[in-house]
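Each chain, written out:
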Amino acid sequence: MEAVKPSAVTPSKSKWVRTLSKVLHLHTAAAGIVPDDGVQKVKPKETEEWNDSKTTKRLSQKFDRLHDEELERMVALEALIAKIFATVSGIKAGYAQLQHAQSPYDAEGIQAADQLIVSDLRKLSELKQCFLKKQYDPSPEHAMILAEIQEQRSLSKTFEIMGKKLEPQLRLKESEIIFLREKLEESNKQNRLLEKRLNQSGQFFVLDNLRLSGLSPSHFITVLRQTVKSIRSFVRLMIDEMKSADWDINAAASSIEQGVVYWKADDKCFAFESFICREMFKAFHHPYFSLLGNSVPEGKKHPQVFFERFMELKSTKVKEYLAKKPKSTFGKFCRTKYLQVVHPKMESSFFGNLSSRDMVSSYQFPDTTFFTLFSEMAKRVWLLHCLAFAFEPEASIFQISKGCRFSEVYMESVAEEAFLSSDITPESEPRVAFTVVPGFMIGKTVIQCQVYLSQLKNIVTC
């Protein structure tokens, strides 16, 4: 028998043995059989769980490490950015210093500012290279604090330079303020002088160059407005004196104009104004207010004479004129009107005596506030009278009777409330309660009178 060679049998047997061993190993592992050596093998499921836990731990450590690296990188970048901002602030400060050194020209200052700017630009270039090469500061927190300090110093230096730059402008503005204050003071002085001149001359200096041939109703209206203004000033003073003397203002107003329903409580002042105007303009249509009687020489009635009297008195201080000519026609006018307007009981309640009345009766005019305002008012009424008779034919005066309907041609209402009521009917429309300021007619020109309108009781129409 031919012998079998080992080389021909061994490979096939070895392959079979390995296959059988692998199957037995898998079967034993699946059945949980303890091997002969007594060591229990780990089950595949437990092996997988152990491997997963280990992997998770490694991933977590890796993630933490990456997170820390990213955080360090962000902090380093923040420190780099802080340095950039601090350097830019330094460049701005250097540029501000450069501008400041140019005017006025300062060669050393310009050179210092130029070096500062170049140094900061070099720093900026170095920071750029650090960013590109990722060469960050090893101590970013400390670097950020230093950058913040540098930036604040640069800003402080910039503001200091700007302050120095604004100092000349501040001094210029202060000089302008001083100049404007001087101009304001000068203007105030001029205004006070003009006001004083207006008060002294009766506010008629605008008529200084007036000629009789150029006289027109507009000139008369100018004088009339100033007259009314003076009358109202005196009325205010008189009402103040009444209040100080504990007068019943309502009763005093009712004694002047009865049965009037006022739109406002303050409108009662128009009753006192009406009384003053009525007394001051009494006999206005007679030459010289009939102070010379009915036998006035024809020469004194000529318009030129009245115009000359007007021009003489308008620019004269009333106090000086009365002291110089106490018994002149105007002096007699002041005396007569004061005694008519200021009742003895009124003067006694105001001042506690009749000394002013006694002085005026003897042509000695007192130097009191009350009489000063009265004399200024009298002067304006007298000037208006002279100007009225300077026209040819002379200006005429008129007033409206109580109860008449309102007419815009001849009247002007001093109370606008009379036209604001929504329930006014033809039967209940406001009528003239009294004339406050008389009206005038110069030729065909009508200068409206001022009236107070009210819903009257027991109206008598006209």
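Scroll up a little and you will see the structure.
Since the model is a prediction, treat every value here as computed from it, not as a measurement.

Quick notes on the rules
Residues numbered from 1 in each chain as written. Predicted model: local features only at pLDDT ≥ 70, side-chain atom pairs only at ≥ 80, totals over all residues. Heavy atoms only, no water. Helix = DSSP H or I, 4+ residues; strand = E, 2+ residues; numbered from the N terminus. Buried < 20%, exposed > 50% of the residue type's maximum accessible area, 1.4 Å probe, protein only. Contact = heavy atoms within 4.5 Å. Areas by Shrake-Rupley, 256 points an atom, 1.4 Å probe, with all protein chains shown as cover. Expected span 1.5 Å × (residues − 1). Pairing = 2+ DSSP bridges. Axes fitted to C-alpha atoms, helices over the stretch in contact; angles between N-to-C directions. Phe/Tyr/Trp six-rings, centres within 6.5 Å; stacked < 30°, edge-to-face > 60°. Core = buried A, V, L, I, M, F, W, Y, C linked by side-chain atoms within 4.5 Å. Salt bridge = Lys/Arg side-chain N within 4 Å of Asp/Glu carboxyl O. Parallel < 35°, antiparallel > 145°, perpendicular 65-115°, else oblique. Left-handed = near helix turned anticlockwise from the far one by under 90°. Nonpolar A, V, L, I, M, F, W, Y, C, P; charged D, E, K, R; others polar.

*Asks:* Can you walk me through the overall build of the chain in this structure?
*Replies:* Secondary structure assignment for the chain yields 13 helices and six strands. When each of the 462 residues of the chain is scored for burial, the buried share is 33%. Expressed as a percentage of contacts within the chain between residues at least 6 apart in sequence, the contacts between residues at least 24 apart total 73%. Here the chain displays about 29500 Å² of accessible surface, and carbon together with sulfur accounts for 55% of that area.

*Asks:* Honestly, unusual backbone geometry in this entry has me stumped. Any pointers?
*Replies:* Among all residues except glycine, the phi angle is most often negative; among peptide bonds, the trans geometry is most common. Residue Glu 392 is joined to Pro 393 through a cis peptide bond whose omega torsion reads 0°. When you line up the elements, Pro 393 lands in the loop between helix H13 (369-390) and strand E1 (396-398). Notably, Ala 283 is not glycine yet its phi reads approximately 70°, a positive angle. Here Ala 283 is to be found in the loop between helix H7 (269-280) and helix H8 (303-314).

*Asks:* Please explain helix H3 (residues 107-132) as it appears in this structure.
*Replies:* Note: α-helices contain 3.6 residues per turn, so residues at a spacing of three or four share the same orientation. End to end, H3 covers 38 Å across 26 residues, agreeing with the expected 38 Å (1.5 Å per residue, within 8%). Among all positions of H3, only Gly 109, Ile 110, Ala 113, Ile 117, Asp 120 and Leu 127 are buried. Once H3 finishes, Lys 134 follows within two positions and takes phi at roughly 55°, a positive value.

*Asks:* Any chance you could explain the pairing of strand E6 (residues 449-454) here in plain terms?
*Replies:* A large share of E6 lies buried, amounting to six of its six residues. Pairing between strand E2 (residues 411-413) and E6: three bridges, direction parallel. Counterpart to Glu 412 in the pairing with E6 is Gln 450. Sheet topology places strand E3 (residues 431-437) next to E6; five bridges connect them, and they run antiparallel. Bridge pairing in E6 places Arg 431 opposite Ser 454.

*Asks:* Can you walk me through the sheet that holds strand E4 (residues 439-442) in this structure?
*Replies:* The strands making up a sheet associate through hydrogen bonds between their backbones, and the pairing can be parallel or antiparallel. Within the open sheet, the three strands sit side by side as E1-E4-E5. Their pairing is antiparallel. Strands at the two margins of the open sheet, each flanked by one partner only, are E1 and strand E5 (445-447). Going from strand to strand, the sheet's axes swing by 20° on average, the running direction of each strand aside. For E1 and E4, the ladder comprises three bridges, and the chain directions are antiparallel.

*Asks:* Explain helix H10 (residues 329-341) here, please?
*Replies:* The end-to-end C-alpha separation of H10 is 18 Å, in line with the 18 Å expected for 13 residues at 1.5 Å each. Inspection of H10 places Thr 329, Phe 330, Gly 331, Phe 333, Cys 334, Lys 337, Tyr 338 and Val 341 among the buried residues, and these make up the whole buried set.

*Asks:* Help me understand the packing of aromatic side chains, please; the structure alone is not making it clear to me.
*Replies:* Within a pair of aromatic rings, the relevant descriptors are the distance that separates the centres and the angle that separates the planes. Counting across every chain of the model gives 28 aromatic pairs. Consider the rings of Tyr 321 and Phe 330, whose centres lie 5.9 Å apart with planes at 65°: the pair is edge-to-face. Since its relative accessible area comes to 11%, Tyr 321 is described here as buried.

*Asks:* Just to check I follow, could you spell out the pairing of E4 for this structure?
*Replies:* Walk down a regular strand and you will see the side chains alternate between the two sheet faces. One ladder, built from three bridges, connects E4 with E5; its direction is antiparallel. Among the inter-strand pairings, Met 441 is bridged to a residue of E5, identified as Val 446. Turn length for the E4-E5 hairpin, with the two strands adjacent in sequence and antiparallel, is two residues, and the turn residue Gly 443 shows positive phi of about 65°.

*Asks:* Would you take a moment to explain the nonpolar core for this structure?
*Replies:* Considering soluble globular proteins, one finds that nonpolar side chains tend to be buried as a cluster. Counting 75 residues, the largest nonpolar core has Phe 220 and Ile 276 as the members making the most contacts within it. Ranked by the residues each element gives to this core, the list is headed by H13, at 14 residues. Every residue in contact with Phe 220, bar those within four places of it in the chain, is listed here: Leu 384, Leu 387, Ala 388, Phe 391, Ala 395, Phe 440, Ile 442 and Ile 447. With nine residues, the next largest nonpolar core counts Met 411, Ala 418, Val 432 and Cys 449 among its residues.

*Asks:* What is the right way to read the pattern of salt bridges from this model?
*Replies:* Note that side chains of opposite charge can pair when their charged atoms are close. One pass over the structure, following the stated rule, counts 11 salt bridges. Put simply, Glu 320 and Lys 317 hold a salt bridge, and the shortest N to O gap is 3.8 Å. Among the residues examined, Glu 320 registers a relative accessible area of 47% and is labelled partly exposed. For Lys 317, a relative accessible area of 33% gives the class partly exposed. One network of salt bridges, in which partners are shared, links Arg 405, Glu 429 and Arg 431.

*Asks:* Help me understand the packing of H8 against H13 in this model?
*Replies:* Between H8 and H13, whose axes approach to 7 Å, the crossing angle comes to 150°. As the angle between them shows, H8 and H13 are arranged roughly antiparallel. In this structure, the crossing between H8 and H13 has a hand that is left-handed. Between H8, through Pro 303, Phe 306, Phe 307, Arg 309, Phe 310, Leu 313 and Lys 314, and H13, the contact on the second element is made entirely by Lys 379, Trp 382, Leu 383, His 385, Cys 386, Leu 387, Phe 389 and Ala 390. Looking at the contact of H8 with H13, its residues break down into 11 nonpolar, one polar and three charged.

*Asks:* Please clarify how the sheet that holds E3 should be interpreted in this entry.
*Replies:* Read from one edge of the open sheet, three strands run E2-E6-E3, paired in mixed fashion. Of all strands in the sheet, those with a lone pairing partner are E2 and E3, marking the two edges. When the angles between neighbouring strand axes are averaged without regard to direction, this sheet yields 45°. Strands E3 and E6 of the sheet are contacted by H7, whose axis makes an angle of about 55° with E3.

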